[in-house]
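Read off the chains here:
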Amino acid sequence: MAEDDNNNVLVDMSTEEWLAHVQELVPVALEKAKKVKGFTGRWKIIISKLEQIPSSLSDLSSHPFFSKNTLCKELLQALSQTFEEAIELAQLCAKEKYEGKLRMQSDLDALSGKLDLNLRDCGLFIKTSVLGEATLPLTVAGSQQEPEAVMHSNIREVLARLQIGHLESKHKALDSLVEVMKEDEKNVLAVLGRSNIAALVQLLLETSPRVREKTVTVICSLVESGGCENWLVSEGALPPLIRLVESGSAVGKEKATISLQRLSMSAETAREIFGHGGVRPLIELCRTGNSVSQAAAACSLKNISAVPEVRQTLAEEGIVKVMINLLDCGILLESKEYAAECLQNLTASNENLRRYVISEGGIRSLLAYVDGPLPQESAVVALRNLVGSVSMEMLVSLGFFPRLAHVLKSGSPGAQQAAASAICRVCNSTEMKKLVGEAGCIPLLVKMLEVKSNSVREVAAQAISNLITLSVNCREVKRDDKCVPYLVQLLDPSPQNTAKKYAVSCLTSLASSKKCKKLMISYGAIGYLKKLSEMEVPGAKKLLERLERGKLKSLFSRK
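Keep in mind it's a predicted model, so treat the numbers as computed, not measured.

Quick word on the overall build of the protein chain
- Looking only at helices and strands, one finds 35 helices and 2 strands in the protein chain.
- Across the 559 residues in the protein chain, those meeting the buried criterion constitute 49%.
- On the protein chain, roughly 26,600 Å² of surface is accessible, and the fraction owed to carbon and sulfur atoms is 51%.

A look at the side chain of lysine 500
- Within the fold, lysine 500 resides in helix α32 (residues 500-510).
- Despite its burial, lysine 500 remains without a salt bridge, the nearest opposite charge being carried by aspartate 492 at 7.2 Å.
- A polar contact is formed between the side chain of lysine 500 and the backbone oxygen of asparagine 497, at a distance of 2.5 Å.
- Discounting chain neighbours no more than four positions away, the residues touching lysine 500 are Leu490, Leu491, Asp492, Pro493, Ser494, Pro495, Leu532 and Met535.

Here we look at the nonpolar core
- Counting residues in each nonpolar core, the largest one holds 146 residues, and the members touching the most others are Ile423, Met520 and Leu529.
- If near-sequence neighbours (up to four positions away) are discounted, leucine 529 is found in contact with Leu491, Val504, Ala540, Leu543, Leu544 and Leu547.

What to know about the environment of glycine 524
- In this structure, glycine 524 sits in the loop between α33 (514-522) and α34 (525-534).
- For the pair glycine 524 and valine 488, spaced 36 residues apart in sequence, the C-alpha separation works out to 7.4 Å.

Focus: the layout of surface pockets
- Space inside the largest pocket adds up to approximately 540 Å³.
- Elements represented by at least two residues in the lining of the largest pocket include exactly α4 (70-95), α5 (101-127) and α9 (167-191).
- Looking at which element gives the most residues to the lining of the largest pocket, the answer is α4, with 8 residues.
- Its residues placed into classes, the lining of the largest pocket shows 6 nonpolar, 7 polar and 6 charged.

A look at helix α23 (residues 377-387)
- Summarising burial for α23: 9 of the 11 residues are buried, a large majority.
- Listed as buried for α23 are Ser378, Ala379, Val380, Val381, Ala382, Leu383, Asn385, Leu386 and Val387.
- Each element contacted by the buried residues of α23 is listed here: α20 (333-346), α21 (351-359), α22 (362-370), α24 (392-397), α25 (400-410) and α26 (413-426).

A short note on empty space enclosed by the protein
- For the structure shown, the criterion picks out 2 cavities of 30 Å³ or more.
- Estimated volume of the largest cavity: approximately 40 Å³.
- As for the largest cavity, its lining consists of Val477, Lys478, Asp480, Asp481, Val484, Lys515, Cys516 and Leu519.
- With 3 residues, α33 is the single largest residue contributor to the lining of the largest cavity.
- Residues belonging to the lining of the largest cavity are distributed by class as follows: 4 nonpolar, no polar and 4 charged.

Some thoughts on the confidence of the model for the protein chain
- Looking at the protein chain as a whole, its pLDDT mean stands at 87, while 90% of the residues score no less than 70.
- Note on residues 1-10: pLDDT under 50 across the span, and 13 contacts to partners over four residues away in sequence or across chains.
- Predicted confidence for residues 135-145 stays below pLDDT 50, and this span has 19 contacts to residues more than four positions away or in other chains.

Here we look at unusual backbone geometry
- The phi angle at phenylalanine 39 is positive, at roughly 50 degrees, despite the residue not being glycine.
- Topologically, phenylalanine 39 is positioned in the loop between α1 (15-34) and α2 (40-50).
- Classification of phenylalanine 39 as buried rests on a relative accessible area of 14%.
- The phi angle at glutamate 536 is positive, at roughly 60 degrees, despite the residue not being glycine.
- You can see glutamate 536 is positioned in the loop between α34 and α35 (540-558).

Description of the pattern of salt bridges
- Here the structure, examined in full by the defined rule, presents 21 salt bridges.
- The residue glutamate 351 makes a salt bridge to arginine 354 at a minimum N-O spacing of 3.3 Å. On the criterion of helical spacing, the pair formed by glutamate 351 and arginine 354 is a turn pair, its members being 3 residues apart in helix α21.
- A relative accessible area of 27% means that glutamate 351 is categorised as partly exposed.
- Arginine 354 gets classed as buried once you look at its relative accessible area, which sits at 14%.

Thoughts on α4
- When the terminal C-alpha atoms of α4 are compared, their 38 Å separation across 26 residues agrees well with the 38 Å that a helix rising 1.5 Å per residue should span.
- A positive phi of about 55 degrees marks glutamate 96, the residue just after α4.

Quick notes on the environment of serine 300
- By the secondary structure assignment, serine 300 is in helix α17 (residues 291-305).
- Residues serine 300 and serine 259, 41 residues apart in the sequence, show an inter-C-alpha distance of 9.3 Å.

Here we look at the packing of aromatic side chains
- Summed over all chains, the structure comprises 1 aromatic pair.
- For the ring pair phenylalanine 400 and phenylalanine 401, a centre distance of 5.4 Å and an interplane angle of 80 degrees mean the geometry is edge-to-face.
- Under the relative-accessibility criterion, phenylalanine 401 is labelled buried at 3%.

Some remarks on the side chain of serine 365
- Considering the arrangement of structural elements, one finds serine 365 in helix α22.
- Judged by its relative accessible area of 7%, serine 365 falls in the buried class.
- Apart from the residues within four sequence positions on either side, serine 365 is in contact with Ile324, Leu327 and Asp328.

Comments concerning the packing of α22 against α23
- Two elements in contact, α22 and α23, have axes separated by 9 Å at closest approach and are oriented at 145 degrees. For the pair α22 and α23, the sense of crossing is left-handed. Each of Ile363, Leu366, Leu367, Tyr369 and Val370 in α22 lies in contact with α23, whose residues at this interface are Ala379, Val380, Ala382, Leu383 and Leu386.
- Grouping the amino acids of the contact of α22 with α23 by side-chain chemistry returns 10 nonpolar, no polar and no charged.

Notes on the packing of helix α19 (residues 319-329) against α20
- For the pair α19 and α20, interaxial distance at closest approach is 8 Å and the crossing angle is 145 degrees. Remark: the crossing between α19 and α20 carries left-handed chirality. Touching Ile319, Val320, Met323, Ile324, Leu326, Leu327, Asp328 and Cys329 of α19 are Ser335, Lys336, Ala339, Ala340, Cys342, Leu343 and Leu346, all from α20.
- When grouped by side-chain class, the residues that make up the contact of α19 with α20 number 12 nonpolar, 1 polar and 2 charged.

With respect to the environment of alanine 511
- Looking at the element boundaries, alanine 511 is found in the loop between α32 and α33.
- A C-alpha to C-alpha distance of 7.9 Å links alanine 511 and arginine 546, two positions 35 residues apart in sequence.
- When residues no more than four places from it in sequence are discounted, the contact partners of alanine 511 are Lys517, Met520, Leu543 and Arg546.

Rules used in this analysis
- Residues numbered from 1 in each chain as written.
- Predicted model: local features only at pLDDT ≥ 70, side-chain atom pairs only at ≥ 80, totals over all residues.
- Heavy atoms only, no water.
- Helix = DSSP H or I, 4+ residues; strand = E, 2+ residues; numbered from the N terminus.
- Buried < 20%, exposed > 50% of the residue type's maximum accessible area, 1.4 Å probe, protein only.
- Areas by Shrake-Rupley, 256 points an atom, 1.4 Å probe, with all protein chains shown as cover.
- Lys, Arg positive; Asp, Glu negative; His and termini not counted.
- Salt bridge = Lys/Arg side-chain N within 4 Å of Asp/Glu carboxyl O.
- Polar contact = N/O pair within 3.5 Å; in protein donor to acceptor, adjacent residues only side chain to side chain.
- Contact = heavy atoms within 4.5 Å.
- Core = buried A, V, L, I, M, F, W, Y, C linked by side-chain atoms within 4.5 Å.
- 1 Å grid on protein atoms, 1.4 Å probe; cavity = no way out; pocket = protein on both sides within 12 Å on 5 of 7 lines; lining within 4 Å.
- Points joined across faces, edges and corners; volume = space filled by probe spheres on them.
- Nonpolar A, V, L, I, M, F, W, Y, C, P; charged D, E, K, R; others polar.
- pLDDT = per-residue confidence, 0-100.
- Expected span 1.5 Å × (residues − 1).
- Phe/Tyr/Trp six-rings, centres within 6.5 Å; stacked < 30°, edge-to-face > 60°.
- Axes fitted to C-alpha atoms, helices over the stretch in contact; angles between N-to-C directions.
- Left-handed = near helix turned anticlockwise from the far one by under 90°.

Here is the structure:
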């Protein structure tokens, strides 16, 4: 819109009329600028930028949506104001009627910056999809389109405004986008494009704390909704998000950390976060953040620790002490769980890290966490990783074996499986086997033989086959009437049954008992063993022969 200098009357004009008006101003501004004698260097730069405008306007006006796009009119209005300012400054410089040299230099620099912005916006309109994304005026659009189409059109305009104009106008667009996201996130996601993501990432780099905070709030909502993670990473969002975790406001830190939590679920992105220096600020947030930030930071670090090649460096950055502290003092239960998962990852394959976790008191903290009413799988797996590096005396002093029994009784199937696996790892001596039996683990392991999960049954059978070699434990197994039937069922030759070799081992140890042999025969062990013998499963043929001899003796004695 044009202004009357005396009355400030706003005159409404069409887009084409604005174009004609701007095209009339260009030669006037150039003529005035070329007559200026002072500030030669600055005016030379301004003139070169003014001379680029006509070709940009020509490209812009040739677009099929030019006259229908509300943003085109606004861009032309901004150009008109810039040219009028250029004409005014040129006249002042030509007549040397300005307040001071420094003031004029500052004004000319500001004018040059506005021309840069105008040229950049013209380029965006021409090179990107902004021109096609914006909307018709609401009064027109509402009469021609369905409500959902109108909504999409309005959202496209809000998103397009993130890419053009000065910072304050982008700030207003951000405000609008935040409100739209609250009310209609689904439709925002439906029209979101890569160029919009790129614009949001650029706003993360702005110096204004308000703009950065609102931008990261939008990005956090988009990340939590899913679907644009790859765009964010490829457009360079990770470094500014990490900087916000490092030095942003409380809200900025929280939203940035939640964003990194989601983005780090990808192993490749987790590597990039590590490479961009994201570990230290995340570790610091685990120490000092609020409950939400702490949990999100712990989860991000857990995701990064899943990458094997960075684990040693993570330990050098102090992650082990921080995670052990979270296990002991984490604000939310989630933080404790993420810490346990992180320790599980760190101790998966690196013996040096296992010893380091042990030396920092990690086993004690993991056992204390396992004492809860619902022992978590990750903590038990971490313990399983560590037990092979710990002395029997230490395990006894920490009450390790009764706690294993607690997990076998009350834990989830995954936790029970990890506990049974830990038993397999520690049962390398007679004394260890005795301690496990005395803790009451054997009946609980037998009960695990009836669950549906193949992997749980397998590890339970493996643990029993290790323990049963000790006579006192063997007697404990024999006392359980359900054990032999469960083990016979595990002789099933199907490929899905991975426990059959351990079932053969257990039944072989029990075959010295007449009662157990009779039970094996009555539940059909011979038929299974014949098939397993053909499959050359270790021990199957020998056990089959023992049972068949027992069956013949029983037959002759009855006759």
